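Report on the structure
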Protein chains: 4
Amino acid sequence: MLSHSSVDRSVYLAERVAAVRRTTLAMLEGLSAEDCMLQSMPEASPIKWHLGHVSWFFETFVLEPFQVDYRAFHPRFREIFNSYYVGVGSRHPRAERGLLSRPPLSEVMAYQESVSTRLLELLQNGRVDDSCLDLIELGVHHEQQHQELIVTDLKHHFWHNPLLPVWRDCPDEASTTLAPLKFLFYESGQVELGHAGAAFAFDNERPRHRVWIEPFELACRPVSNGEYLAFIKDAGYERAELWLSDGWDARGREGWQAPLYWWQEEGQWLCFGATGAKPVRLSEPVCHLSYYEADAYARWAGARLPTEQEWELAANRYAQSRDGDNCGQDFAEQNRFHPMAMNAQAGFFLGGVWEWTQSAYLPYPGFRIADGAVGEYNGKFMVNQMVLRGGSCATPQSHIRNSYRNFFGPGSRWQFSGLRLARS
Amino acid sequence: MLSHSSVDRSVYLAERVAAVRRTTLAMLEGLSAEDCMLQSMPEASPIKWHLGHVSWFFETFVLEPFQVDYRAFHPRFREIFNSYYVGVGSRHPRAERGLLSRPPLSEVMAYQESVSTRLLELLQNGRVDDSCLDLIELGVHHEQQHQELIVTDLKHHFWHNPLLPVWRDCPDEASTTLAPLKFLFYESGQVELGHAGAAFAFDNERPRHRVWIEPFELACRPVSNGEYLAFIKDAGYERAELWLSDGWDARGREGWQAPLYWWQEEGQWLCFGATGAKPVRLSEPVCHLSYYEADAYARWAGARLPTEQEWELAANRYAQSRDGDNCGQDFAEQNRFHPMAMNAQAGFFLGGVWEWTQSAYLPYPGFRIADGAVGEYNGKFMVNQMVLRGGSCATPQSHIRNSYRNFFGPGSRWQFSGLRLARS
Amino acid sequence: MLSHSSVDRSVYLAERVAAVRRTTLAMLEGLSAEDCMLQSMPEASPIKWHLGHVSWFFETFVLEPFQVDYRAFHPRFREIFNSYYVGVGSRHPRAERGLLSRPPLSEVMAYQESVSTRLLELLQNGRVDDSCLDLIELGVHHEQQHQELIVTDLKHHFWHNPLLPVWRDCPDEASTTLAPLKFLFYESGQVELGHAGAAFAFDNERPRHRVWIEPFELACRPVSNGEYLAFIKDAGYERAELWLSDGWDARGREGWQAPLYWWQEEGQWLCFGATGAKPVRLSEPVCHLSYYEADAYARWAGARLPTEQEWELAANRYAQSRDGDNCGQDFAEQNRFHPMAMNAQAGFFLGGVWEWTQSAYLPYPGFRIADGAVGEYNGKFMVNQMVLRGGSCATPQSHIRNSYRNFFGPGSRWQFSGLRLARS
Amino acid sequence: MLSHSSVDRSVYLAERVAAVRRTTLAMLEGLSAEDCMLQSMPEASPIKWHLGHVSWFFETFVLEPFQVDYRAFHPRFREIFNSYYVGVGSRHPRAERGLLSRPPLSEVMAYQESVSTRLLELLQNGRVDDSCLDLIELGVHHEQQHQELIVTDLKHHFWHNPLLPVWRDCPDEASTTLAPLKFLFYESGQVELGHAGAAFAFDNERPRHRVWIEPFELACRPVSNGEYLAFIKDAGYERAELWLSDGWDARGREGWQAPLYWWQEEGQWLCFGATGAKPVRLSEPVCHLSYYEADAYARWAGARLPTEQEWELAANRYAQSRDGDNCGQDFAEQNRFHPMAMNAQAGFFLGGVWEWTQSAYLPYPGFRIADGAVGEYNGKFMVNQMVLRGGSCATPQSHIRNSYRNFFGPGSRWQFSGLRLARS
């Protein structure tokens with residue numbers, strides 16, 4: 001017999017499933033079927049593929065094992081929309097996702113609807129145990145991750161079109177001056193970090209564990225565009241002594257001279273975003289930096305990047321000082337998909353831009369990979385990547401928390417990745 | 001004052017322009033805007049791009065210079081739809097043509113219509129001289145070349161979709177047995193080759209010139225699938241002594257074991273075409289071969305590829321014997337886009353499959369490149385390519401002739417490229 | 001006036017300099033000038049280049065700044081023998097070090113002798129302050145690092161010669177059976193790690209700092225060839241679920257099926273080493289593994305790699321239990337350049353094979369990069385690499401210690417890199 | 001019984017074998033074993049490898065089949081010194097020839113001596129038939145080809161050393177002014193081309209065949225450095241309209257701005273050669289050009305490259321006018337390995353620099369590949385290459401003739417490759 005709490009949880013998850021999938025579909029507004037085909041690099045998938053993949057995840061890990069007599073929506077989708085789950089079978093090559101004109105977008109939207117309907121049936125007709133509910137909850141968060149990727153991938157796709165397409169039309173905020181950067185001091189001590197409690201978290205945020213932290217200082221907000229421009233003007237991109245060796249090589253090989261999506265026209269710095277081409281606003285947090293650029297900037301500024309432990313400790317302290325609230329409003333729910341000016345946001349640790357830490361993405365002490373194909377979710381990527389913390393203007397607010405660990409290779413620039421300075 | 005013949009020619013060309021552009025649009029039937037975005041390799045352009053490019057050609061070389069006060073349909077199309085004309089200005093990178101979701105297909109179709117209208121106005125309102133008419137005629141033939149590329153590129157794009165989309169639905173012909181291959185003997189002698197007369201021909205078919213030809217034999221038809229299968233079964237792909245050195249390397253690097261679009265399932269050879277996956281038919285001409293494979297097959301068969309001079313001489317003789325008619329019916333007009341069985345076609349030199357010759361693509365004696373950007377049409381590609389003759393099932397019949405020189409790199413396989421055997 | 005201790009230190013360092021440089025020259029025994037030219041990959045330098053580079057280091061950082069009126073041995077050596085010090089000026093490309101037939105080996109040996117003579121003059125004629133002595137001491141340890149690279153690079157170079165040249169002729173030890181692997185338990189607690197005391201250490205081993213460690217178990221010795229063969233026989237190289245995602249890709253791309261330098265002949269596993277081709281001995285520690293292979297093996301064995309903190313803690317405990325002695329005898333001084341069987345070595349943490357840890361190579365809390373070009377020594381490589389601990393059969397015994405941090409990219413296999421298992 | 005002429009031919013060939021192999025050894029003068037190890041690119045082999053390969057050729061094709069009880073000098077040399085003869089068995093990878101420090105140069109010289117001795121024994125003890133003598137004669141010419149490659153490869157190797165080593169020390173000729181370029185007119189007509197008579201020629205020069213040639217003009221001498229400098233100054237390297245499309249791409253990709261081995265210092269053009277760095281002499285023939293550069297220069301000069309048929313016809317006419325002598329003195333026998341000023345050489349077709357023709361390297365009508373491994377000598381390279389004619393300052397005079405066809409890819413620049421202008 002199912003427990004009372006499973007029934008409550010089913011009701012709760014039915015609402016979450018409905019809401020998150022409605023949001024995904026709403027994101028397609030303003031995009032044509034042609035836009036949803038684009039693939040500008042192997043790492044950035046077509047929007048249509050993201051749409052199919054989030055349904056694939058529910059179908060593969062929830063509907064097929066838990067719904068009696070489930071018949072696949074389409075026999076080939078198992079292969080076409082598998083991302084990297086070797087345990088599930090063969091996959092369509094990642095770099096060729098943009099070559100799938102068939103199924104058409106309309107069919108993938110029908111897939112989305114069909115999977116939603118079946119999921120809600122499963123939840124309403126009840127009789128699902130916690131292992132199934134866990135997977136549905138994972139699927140909700142998984143879909144939210146892909147919502148952010150839809151934003152960042154689409155931006156990268158459109159960047160390759162000389163017409164610089166406009167996706168969202170938002171009014172500009174009034175521009176105000178940013179207060180100078182302040183550092184806050186944190187004493188050394190032993191702390192517990194990692195996700196605590198029963199609420200949902202990814203496996204890589206667990207287990208909670210003890211850490212000794214040496215004294216450090218952390219900036220009250222991320223670095224701004226204005227501050228980053230001073231680095232550029234001080235020849236930051238031409239001075240090898242500021243860079244990690246691999247970063248210096250990447251800079252030369254890729255021809256980096258500014259953040260991704262920036263260029264200069266007649267002395268003015270412009271950038272590309274959801275609203276097309278615009279002047280670079282000084283009071284916004286700088287983003288679309290690689291780890292190498294973030295690291296070089298920090299060295300130039302006489303500082304360093306924080307470790308993820310320092311970052312989480314400071315974010316937790318800030319949240320405690322505000323009764324748990326350390327979110328600003330700079331999240332995907334704004335539907336702007338571009339960071340807000342920091343004047344009103346100063347202090348918040350969540351939202352705006354992801355912040356590179358100097359921590360490599362590695363397992364916490366006692367981490368164990370889950371059994372089965374879902375075990376491929378996080379653990380197998382724990383090498384060659386650096387941790388980012390805090391979420392961005394493209395992250396759903398309900399998706400992020402202080403213990404959340406995002407991770408990308410040190411040369412990646414197409415996420416909303418910025419930095420916050422630390423000092424020993 | 002314009003000559004009488006210019007007026008007649010205007011009327012004639014107005015009909016040709018209208019017909020060829022109608023045909024191009026008709027080819028899009030059954031294709032979605034998503035299908036028209038596909039780009040499976042840098043060499044194979046999206047169908048939407050082909051559509052824009054053929055209008056770009058008329059706009060750039062005819063409307064802009066010859067129509068008074070002509071205003072470009074879209075200011076950025078000059079760059080987006082330029083293929084390789086350095087003299088016309090900068091170009092969107094070839095490998096990124098598949099990243100142009102904007103302009104949408106509907107806008108490119110409007111472009112097609114607008115350019116057609118303006119062209120017909122120009123021709124009807126008269127007052128165009130021969131230099132302009134020459135360019136319009138060139139544009140017609142240029143568009144026919146792209147009609148063939150639409151077929152071959154689309155086939156390549158669809159090949160990358162595991163669903164193996166079907167484009168055309170044609171009934172299969174009855175299968176009959178092919179008569180054994182015969183060789184015809186040609187005596188040595190001096191002949192005139194290259195395009196003769198005033199009718200349209202590309203610059204690379206001219207000037208007509210004298211050639212001495214040693215005695216040779218030429219097969220009465222191209223090599224069939226059945227004959228090529230014997231080569232495969234005789235380990236043709238594993239015997240280095242049959243291959244050119246560069247071909248042997250390409251074979252290993254690319255993993256060739258059969259023509260492009262062929263694969264084996266449970267002992268049966270299948271191939272992919274406009275009607276999806278089908279068994280390989282023995283009596284069709286083999287195609288989608290690289291020059292290297294054609295050359296290796298010929299060596300295995302104790303023969304060789306003909307030179308383009310030998311081929312043209314034989315095709316001319318055949319045409320003379322039939323009062324000028326050496327076309328079968330295996331052309332794009334059939335709308336099958338797959339070679340017909342050769343039983344009924346034996347003897348014809350035009351249509352079916354392109355035939356690799358052993359001649360490198362080089363200028364004829366006395367060849368001169370035209371002035372201006374149009375001079376980039378053919379001449380600048382005269383290196384690293386081999387000549388193919390005869391046209392294919394994807395070539396419009398009104399486009400091909402005995403003196404026509406097609407050319408591709410020796411490793412190319414996505415055209416309908418087969419071979420005919422010769423012997424000294 | 002120089003302190004008394006500086007004088008004592010000068011005497012000490014004069015002996016060290018003389019000894020280490022004698023050793024470097026002695027390593028060339030049995031090698032021809034042709035052998036010393038070899039460069040099998042960009043990462044593995046020619047022996048002649050190593051020889052020039054260690055002298056270049058002393059010349060550039062000691063003789064030029066500290067010896068009055070010093071005149072460079074050769075004006076172009078500053079460029080030719082610079083490794084990666086951007087601050088020192090331009091460098092000959094790393095991948096082309098094997099193209100320097102001039103200067104001949106004899107001239108580079110004269111360079112070695114000249115620099116040694118000048119260094120000893122500088123030290124004997126006294127009047128060198130601690131900053132200079134620090135650099136000389138650094139140069140001694142730098143040269144020892146290159147001694148190890150001479151061994152590992154030469155092995156890689158010779159591996160590309162189908163004649164499989166023999167470099168050293170050592171008698172085989174008697175083969176004995178290895179005792180089963182045991183794990184030792186370590187309680188959680190706060191410890192101090194990193195280099196302590198005034199003796200020489202590299203900057204990356206400092207500063208000493210506090211760390212909290214959760215309870216763990218660590219194996220009493222590295223994994224053996226025999227144990228690793230069981231992984232191979234259990235299809236360890238074919239099971240994706242055992243591998244990190246990047247590791248699985250590297251395995252496929254590089255075709256790994258066993259450790260580097262291993263191959264199979266008639267059912268027997270052979271390996272290549274300083275004594276040429278030999279059967280794989282079961283009781284030796286396995287080595288020439290990438291991080292990816294070490295990690296996959298550990299997962300297969302139901303264990304994991306230790307962190308570098310766990311490793312250092314355990315090594316320190318072991319040393320305490322033996323009055324500070326935790327060295328076996330398996331070091332470069334043996335002149336065997338191949339790991340010994342572990343029977344007699346069990347328990348030791350230093351020597352034999354380097355042990356991959358699951359720690360990324362990152363700065364310790366409070367780490368600062370030194371000013372000037374010497375600051376490029378370690379700090380700029382702190383990304384994309386994993387830490388190895390313990391030294392190997394190619395490491396000079398006087399060079400290694402518990403706090404020593406070696407680092408390589410996770411795909412590197414040409415060092416003597418093995419592993420020791422840990423468990424939470 | 002052997003014919004009388006076979007005996008005479010044996011005597012003749014014994015002298016030739018002795019002379020050519022003495023010359024090869026003499027070329028090593030001034031080179032160290034380290035120099036002979038260099039390999040700067042896969043296409044340019046180490047000198048030691050060339051030395052081994054020419055002996056391998058005699059051993060494999062003459063001694064093993066024709067000498068009774070022949071025992072290989074070294075069992076592994078069959079693999080190590082095989083160039084591209086698939087029929088002979090596996091080969092050491094071309095790009096790794098520079099990694100063979102063993103066998104040492106001294107052993108390869110002993111191999112050279114041993115093979116010479118055996119060859120002479122075979123010839124003197126007689127009883128060798130014509131098929132064997134043919135192979136010995138082929139081996140002599142094969143070795144001469146490698147003598148030229150020793151010169152061009154060594155130049156390329158040394159170019160990668162910033163010390164720019166000097167190989168030969170020759171006095172400079174007095175500099176004189178070059179007479180303006182003249183064109184000679186040739187009428188159209190049918191001619192016989194290709195090698196005639198019984199004397200040695202490579203298979204690709206045969207069979208002799210009839211060709212119809214249209215009227216043309218040909219320059220009386222190759223293009224000079226001075227003339228080529230005018231092309232550079234006229235922005236020849238920046239004007240796309242002068243270049244073949246593939247050439248324009250190669251130019252950009254490789255960064256070409258002048259011939260290989262040229263660079264500018266303080267306004268002066270310098271070049272690298274056998275005597276080290278020297279100013280560019282205006283009256284020398286320009287060389288180290290790719291086909292693309294030669295073609296672009298010709299277009300810039302309002303001319304074109306000749307076909308190989310035009311070239312051979314003109315060279316034959318010139319020779320007839322001088323009783324067969326159309327050699328200057330600018331050959332390898334001068335031991336200068338750098339082209340002479342053209343003042344005294346004007347008119348000659350042989351020697352100095354190779355001349356690119358606009359002819360692709362293809363078989364003559366009736367060409368047949370020889371049976372067996374020797375058949376791989378020429379025929380399998382008949383694609384993707386252009387023909388060069390005339391020999392160079394690095395070609396032995398006894399090796400060259402009017403019908404000689406050399407061939408390289410259109411992007412190759414490390415041969416002494418220049419051009420002579422033609423006009424229709």
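Coordinates for the structure precede this section.
Keep in mind that what you see is a predicted model, and the values were worked out from it rather than measured.

1. Structural notes on the interface of chain C and chain D
Opposite the 31 residues of chain C that make contact, chain D presents 31 residues. Both sides together, the interface formed by chain C and chain D hides about 2400 Å², and carbon and sulfur atoms give 57% of it. Its largest share of buried area at the contact with chain D, chain C owes to C:E34, C:L99 and C:R102, together 31% of the area lost on that side. At the junction of chain C and chain D, the tally comes to four salt bridges.

2. Regarding the interface of chain B and chain A
Accessible area lost during the coming together of the parts is what is often quoted as the interface size. On the side of chain A, 31 residues touch chain B, which itself brings 31 residues to the contact. Both sides of the chain B and chain A interface together cover about 2400 Å² of buried area, and 58% of this is carbon and sulfur. Considering only the side of chain B, the residues that lose the most area to chain A are B:E34, B:L99 and B:R102, jointly responsible for 31% of the buried surface there. Summed over the shared surface of chain B and chain A, the result is four salt bridges.

3. What to know about the arrangement of the chains
Taking C-alpha atoms only, the smallest gap left between chain B and chain C, which are not in contact, amounts to 14 Å. A gap remains between chain A and chain D, with no contact made and the closest C-alpha atoms lying 14 Å from each other.

4. A few points about the packing of aromatic side chains
The description of two aromatic rings rests on the distance between their centres and on the angle between their planes. Applying the stated criterion to the full structure yields 164 aromatic pairs over all chains. With a centroid separation of 5.2 Å and an interplanar angle of 50°, the aromatic rings of C:Y228 and C:F231 are classed as tilted. Residue C:Y228 and its partner C:F231 are located together in helix α6 (residues 225-233), separated by three residues, close to a single helical turn. Summarising the burial analysis for this pair, C:Y228 and C:F231 share the class buried. Sitting over the face of the ring of D:W167, D:R168 holds its NZ or CZ atom 4.3 Å from the ring centroid.

5. What about the relation of the copies chain B and chain A?
The two copies are related by a screw operation: chain B maps onto chain A through 180° of rotation and 0.0 Å of translation along the axis, at an RMSD of 0.0 Å. Such a combination of rotation and displacement between the chain copies is what one expects of a two-fold axis. When each C-alpha of chain B is compared by its distance to the rotation axis, B:E34 comes out closest, at 2.6 Å. Both copies present the same face, since 100% of the interface residues in chain B are matched by interface residues at the equivalent positions in chain A.

6. What to know about helix α5 (residues 130-159) of chain B
Between its terminal C-alpha atoms α5(B) stretches 43 Å, which fits the 44 Å expected from 30 residues at 1.5 Å a residue. The buried fraction of α5(B) amounts to 24 of the 30 residues, a majority that puts the element mostly inside the structure.

7. Brief notes about the nonpolar core
Here is a general trend for soluble globular proteins: nonpolar side chains tend to be buried in one another's company. The biggest cluster of nonpolar side chains holds 503 residues, and the ones touching the most others in it are A:L419, B:I136, B:L419, C:I136, C:L419, D:I136 and D:L419. Those residues in contact with D:L419 that lie beyond four places of it in its chain are D:P222, D:V223, D:V286, D:L289, D:A294, D:Y297, D:A298, D:L305, D:W354, D:E355 and D:W356.

8. Regarding the pattern of salt bridges
If you walk through the whole model with that rule in mind, you get 100 salt bridges over all chains. Through salt bridges with shared partners, a single ionic network connects A:R9, A:D130, A:D134 and A:E137.

9. Notes on the environment of D:N326
All names here are of chain D. Along the chain, the position of N326 falls in the loop between α9 (308-321) and β8 (354-360). Taking the C-alpha atoms as reference points, N326 and F349, separated by 23 residues in sequence, lie 6.2 Å from one another. Residues within four places of N326 in sequence aside, it is in contact with A315, Y318, A319, F348, F349, L350 and N402.

10. With respect to the state of the cysteines
As enumerated under the stated definition, the model contains zero disulfides over all chains in all. Cysteine B:C271 remains unbridged, with the sulfur of B:C287 as its closest cysteine sulfur at 8.2 Å.

11. Let's talk about the sheet that holds strand β5 (residues 262-265) of chain C
Either a parallel or an antiparallel arrangement is found when strands of a sheet pair, and the pairing is made through backbone hydrogen bonds. Residues and elements named next belong to chain C. Reading across from one edge, β5-β6-β7 is the order of the three strands in this open sheet, with antiparallel pairing throughout. Looking along the sheet, the strands with just one partner apiece sit at the ends: β5 and β7 (276-279). Here the strands of the sheet are splayed against their neighbours by 35° on average, with no regard to which way each runs. Here four bridges tie β5 to strand β6 (residues 268-273), and the two strands are oriented antiparallel to one another. Directly across from W262, in β6, lies its bridge partner C271.

12. Structural notes on the environment of D:A319
All names here are of chain D. Position of A319 relative to the elements: it lies in helix α9. When its relative accessible area of 10% is taken as the criterion, A319 is described as buried. Placed 83 residues apart in sequence, A319 and N402 show a C-alpha to C-alpha distance of 8.9 Å. Excluding anything up to four places from it in sequence, A319 contacts G324, D325, N326 and N402.

13. Here we look at the sheet that holds strand β8 (residues 354-360) of chain C
Residues and elements named next belong to chain C. As summarised here, the arrangement of the four strands in space is β10-β9-β8-β11, forming an open sheet in which the pairing is mixed. A strand with exactly one partner marks an edge of an open sheet, and here the two such strands are β10 (406-408) and β11 (417-418). Where strand β9 (residues 386-389) meets β10, three bridges bridge the pair, whose relative direction is antiparallel. What sits directly across from L388, in β10, is N406.

14. Some remarks on the side chain of C:Q358
Residues and elements named next belong to chain C. Of note, Q358 is situated in strand β8. What makes Q358 buried here is its relative accessible area of 13%. From its side chain, Q358 meets the backbone oxygen of L305 in a polar contact 3.4 Å long.

15. Focus on the packing of helix α2 (residues 47-66) of chain A against helix α5 (residues 130-159) of chain A
All names here are of chain A. For the pair α2 and α5, the least separation of the axes is 9 Å and the interaxial angle reads 175°. Regarding the angle of α2 to α5, the classification is roughly antiparallel. Residues that form the contact of α2 with α5 fall into these classes: 16 nonpolar, six polar and two charged.

16. Remarks on the relation of the copies chain C and chain D
Rotating chain C by 180° and translating it 0.0 Å along the rotation axis places it on chain D, where the RMSD comes to 0.0 Å. The share of interface residues of chain C whose copies in chain D are also at the interface is 100%, consistent with both copies meeting through the same surface.

17. Remarks on the side chain of C:E310
All names here are of chain C. Relative to the helices and strands, E310 resides in helix α9 (residues 308-321). With relative accessibility at 7%, the residue E310 sits in the buried group. Looking at E310, its side chain comes within polar contact range of the side chain of R304, at 3.0 Å. The contact partners of E310, leaving out residues within four places of it in the chain, are I213, F216, R304 and A422.

18. Describing the pairing of strand β6 (residues 268-273) of chain D
Residue and element names in this part refer to chain D. Within β6, five of the six residues are buried, leaving the element largely enclosed by the surrounding structure. The turn joining strand β5 (residues 262-265) and β6, which pair antiparallel and follow one another in sequence, is formed by two residues; a positive phi near 50° is taken by E266. In the sheet, β6 pairs with strand β7 (residues 276-279) via four bridges, with the strands oriented antiparallel. Bridge assignment links L270 to a residue of β7, and that residue is P279. Taking the residues between adjacent antiparallel strands as the criterion, β6 and β7 are bridged by two residues.

19. Some remarks on the packing of helix α2 (residues 47-66) of chain B against helix α4 (residues 105-124) of chain B
All names here are of chain B. Where α2 meets α4, the axes come as close as 9 Å, and the angle between the chain directions of the two elements is 30°. Considering their axes alone, α2 and α4 lie roughly parallel with respect to each other. Between α2 and α4 lies a crossing of left-handed hand. Contacts between α2 and α4 involve K48, L51, G52, V54, S55, W56, F58, E59, V62, L63 and F66 from the first element and L105, V108, M109, Y111, Q112, V115, R118, L119 and L122 from the second.

20. Structural notes on unusual backbone geometry
The omega torsion of the bond from C:R206 to C:P207 falls at -5°, within 30 degrees of zero and hence cis. Phi at B:E266 is positive, roughly 50°, even though this residue is not glycine. Looking at the element boundaries, B:E266 is found in the loop between β5 (262-265) and β6 (268-273). For B:E266, a relative accessible area of 84% gives the class exposed.

Definitions and limits used
- Residues numbered from 1 in each chain as written.
- Chains lettered and ligands numbered in written order.
- Predicted model: local features only at pLDDT ≥ 70, side-chain atom pairs only at ≥ 80, totals over all residues.
- Heavy atoms only, no water.
- Contact = heavy atoms within 4.5 Å.
- Buried area = accessible area lost by both parts, 1.4 Å probe.
- Salt bridge = Lys/Arg side-chain N within 4 Å of Asp/Glu carboxyl O.
- Phe/Tyr/Trp six-rings, centres within 6.5 Å; stacked < 30°, edge-to-face > 60°.
- Helix = DSSP H or I, 4+ residues; strand = E, 2+ residues; numbered from the N terminus.
- Buried < 20%, exposed > 50% of the residue type's maximum accessible area, 1.4 Å probe, protein only.
- Lys NZ or Arg CZ within 6 Å of the ring centre and 35° of its normal.
- Least-squares fit on C-alpha atoms with pLDDT ≥ 70 in both.
- Expected span 1.5 Å × (residues − 1).
- Core = buried A, V, L, I, M, F, W, Y, C linked by side-chain atoms within 4.5 Å.
- Disulfide = S-S within 2.5 Å.
- Pairing = 2+ DSSP bridges.
- Axes fitted to C-alpha atoms, helices over the stretch in contact; angles between N-to-C directions.
- Polar contact = N/O pair within 3.5 Å; in protein donor to acceptor, adjacent residues only side chain to side chain.
- Parallel < 35°, antiparallel > 145°, perpendicular 65-115°, else oblique.
- Nonpolar A, V, L, I, M, F, W, Y, C, P; charged D, E, K, R; others polar.
- Left-handed = near helix turned anticlockwise from the far one by under 90°.

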